[in-house]
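Residue-level listing of the chains:
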Amino acid sequence: MSSPTPSVEPIVRSRLLPRVSFRSMMILMAVSAVVLAVARSANQGGIYATAAVMGLVFLLGTVIVLSAVFLLAWAVAHARRPVGLVLLSYSVAMIALSIAGLRLDWINEPIVVLNTFFIGVFLLFVPPPSSPADHLDSPFAADRLPPQILPPRDAQS
């Protein structure tokens, strides 16, 4: 007797695309329809719809900016010298552009160029802090228990 045919496709580990359910696609389409309807009424002059769209744009912009700040901090933490080299070469290129007379919008403002130059020099030439002795006093560093505020109770009492 043969085993019954499975009603669902087995999960294969080597899939490149995630599995998306019909329910999640319907929810995504419903939310998108509401957002687009609000955006259309904002385009036609609705005051509250304009405020709602501006709130959504603000949230999306906040997510994008905070993601960029996180990626910058992550890049500096994991690749300190290459990031310093990129910032230093950027500032030298902007100085060369300003000497050549090419003016870009805010990208080659003197304060931006100077800040990137000094940050690049700092990341390239100042060694990263490497003192593992700072963490030796931590009770969590050596798999020790933290100090107890109250002494443990005696088991016999």
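See above for the structure.
Residues numbered from 1 in each chain as written. Predicted model: local features only at pLDDT ≥ 70, side-chain atom pairs only at ≥ 80, totals over all residues. Heavy atoms only, no water.

Q: Help me understand the overall build of the chain in this model?
A: Along the chain, the regular secondary structure elements total 4 helices and 0 strands. Listed by position from the N terminus, the elements making up the chain come as α-α-α-α. Expressed as a percentage of the 157 residues in the chain, the buried residues total 10%. Within the chain, residue pairs in contact and separated by at least 24 positions form 42% of the contacts whose partners lie at least 6 positions apart. Accessible area of the chain: about 13800 Å², with a carbon and sulfur share of 73%. (Helix = DSSP H or I, 4+ residues; strand = E, 2+ residues; numbered from the N terminus. Buried < 20%, exposed > 50% of the residue type's maximum accessible area, 1.4 Å probe, protein only. Contact = heavy atoms within 4.5 Å. Areas by Shrake-Rupley, 256 points an atom, 1.4 Å probe, with all protein chains shown as cover.)

Q: Would you mind showing me how to read the packing of helix α1 (residues 22-43) against helix α2 (residues 47-78) here?
A: The angle between the axes and the distance between the axes are what describe a pair of packed helices. At a minimum axis distance of 8 Å, the contact between α1 and α2 shows a crossing angle of 125°. Put simply, α1 runs oblique to α2. Where α1 crosses over α2, the handedness of that crossing is left-handed. Between α1, through Val35, Val38, Ala39, Ser41 and Ala42, and α2, the contact on the second element is made entirely by Ala49, Thr50, Ala52, Val53 and Leu56. The residue makeup of the contact of α1 with α2, split by class, is 8 nonpolar, 2 polar and no charged. (Axes fitted to C-alpha atoms, helices over the stretch in contact; angles between N-to-C directions. Parallel < 35°, antiparallel > 145°, perpendicular 65-115°, else oblique. Left-handed = near helix turned anticlockwise from the far one by under 90°. Nonpolar A, V, L, I, M, F, W, Y, C, P; charged D, E, K, R; others polar.)

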